[in-house]
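# Reading the structure
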Amino acid sequence: MEKKGFKRFKKLGPGIITGGAGDDPAGILTYTIVGATTGFSQLWLMILSTPMMIAVQDTAAKLALVTGKSLPEILNSFYSKKLTYFIVLCLATANILTIGADLQAVAAILEIITGIKSVYFLIPTTVLIGYLVIFKQYRTIKKVLIILTLVLIVYVLSAFLSKPSLIDLLKNTFIPDIRPDLTFVLAALGLLGTTISPYMIFWQASEEKEEHATVSQAKIMKFDTAVGMVYSNIIAYAIIVSSAVMIFGHTEIQTIKDAALALKPVAGDYAFLIFSIGVVVSGFLAIPVLAGSSAYAVADTFGWREGMDYKVSDAKGFYVVFLGSLLVGNFIDFFGVSAVDALYYSQVFDGILLPVLSGVLLVLGNNGNILGNYKNGWFNNFFLLMTFLVSLAATIYMIIKLFVP
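For the structure given in this document, a descriptive report is provided here. (Residues numbered from 1 in each chain as written. Predicted model: local features only at pLDDT ≥ 70, side-chain atom pairs only at ≥ 80, totals over all residues. Heavy atoms only, no water.)

## Some details on the pattern of salt bridges
For clarity, the cut-off: The salt bridge criterion pairs a side-chain nitrogen of Lys or Arg with a carboxyl oxygen of Asp or Glu, the two atoms within 4 Å. Note on classification: 1.4 Å probe, protein chains only; a residue is buried when its accessible area is under 20% of the maximum for its type, exposed when over 50%, partly exposed between these limits.
As enumerated under the stated definition, the model contains one salt bridge in all. Here Asp177 makes a salt bridge to Arg179, at a shortest N to O gap of 3.0 Å. Under the relative-accessibility criterion, Asp177 is labelled partly exposed at 23%.

The following block contains the structure:
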């Protein structure tokens, strides 16, 4: 039994990285804003989103495991290429917005620390990330990414030390509280968009393919996925709790520094320092995943050679998209959008894309021609359908509130 358990933990990889990358700067800021603007009222959505997240990621990973193909390759083989182009275009757009927001957050932190304008940190940060991916082997990168995810545990400690009301916590965690106002719906979309991000779906499927895993490893993959998603949502839950206790009703989050107040119970006067470490570390964790998911998706759509184990000369198209995503993301800082707005609304956009992607996965996961005997069971189908319906309802309601007088 001991050897079996050790083997399982040794095999952890894509699921853990994907889960950790979900708590990127955009995620950290979004969860902080959710707690600051809606208090504990959306904690129930975090509990609901955990099985939704597992169903989405497990289906994506299983498709790659059974077929040996990425999602764009599967769509190209069994459905319309136009559908593939549309989905990959949406993914690339969402990823570039999030890359830009994450880069801006890292640069904003460095500006506050050094007093040097954030714009001067964008290119060096981009170059460093590009170097890490291009000149290091994938397995080395994987180890670094897994280690970096552990830093985010500081948020769990902060949630405990903020001493939330246990009764309020239990009530809002297990009893849904739905409010028909725009602030609540935007927060819900942002929460869903950052919890079940489009890039996470494509990244994990591509990494299962990169790992050269087989169907015989399906149980390990399922375990890896569940651990990664639960870990990601524990961190997210803790951030919402901390910000609800410390910030709700007291301050508006207009700057990166405002968001650091959620860590005051654990860090005191060093709250901003701890927050800064979390944002910078999660940025370096998530930005390569964002750019990588775009690169994998575009390369697989057009049949190019792809993978982080290849040299640049052997997979030119893959690395052009990877580096191009990073460089285009840099330009967001030049449009005068605040780091807080860029981070938050990029996740709302991800939430708007969620009905499309969860709907596609629901169809693919039940296609016998693709998965054969490995078609989705009731758990994945139920929570994929719930993901589709909840995100679609929130998107439609937001559009009505914004555009209908």
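## Re a nonpolar patch on the surface
Note the cut-off: Surface patches are drawn from residues lacking salt bridges whose relative accessible area is over 30%; two like charges belong together within 9 Å, two nonpolar side chains (Val, Leu, Ile, Met, Phe, Trp, Tyr) within 5 Å. For the area figures, the Shrake-Rupley method with a 1.4 Å probe applies, and any residue is considered shielded solely by the protein chains shown. Each helix corresponds to a stretch of at least 4 residues labelled H or I by DSSP, and each strand to a stretch of at least 2 residues labelled E; elements are numbered beginning at the N terminus.
A cluster of nonpolar side chains, namely Ile47, Leu166, Leu170, Phe174 and Ile175, defines an oily patch on the protein surface of about 520 Å² accessible area. Per-element accounting of the nonpolar patch gives the leading share, three residues, to helix H10 (residues 166–174). Residue placement: Leu166 occurs in helix H10. Judged by its relative accessible area of 57%, Leu166 is exposed.

## Remarks on the side chain of Thr301
The condition is simple: Note on contacts: a residue pair is in contact if any heavy atoms of the two residues lie within 4.5 Å.
Note on placement: Thr301 falls in helix H16 (residues 271–302). Not counting residues within four places of it along the chain, the set of residues in contact with Thr301 comprises Pro72, Asn76, Thr84, Tyr85 and Val88.

## Quick look at helix H6 (residues 81–114)
Formally: What a helix is expected to span follows from its residue count: subtract one and scale by 1.5 Å. N or O atoms closer than or at 3.5 Å make up a polar contact, with two conditions inside protein: a donor-capable atom paired with an acceptor-capable one, and, for residues adjacent in sequence, both atoms drawn from side chains.
In this model, H6 (34 residues) spans 48 Å end to end at C-alpha, consistent with the 50 Å of a helix rising 1.5 Å per residue. The N-terminus of H6 is capped by Ser80, whose side-chain oxygen sits 3.0 Å from the backbone nitrogen of Lys82. Just downstream of H6, Gly115 is the residue with a positive phi angle, here 85°.

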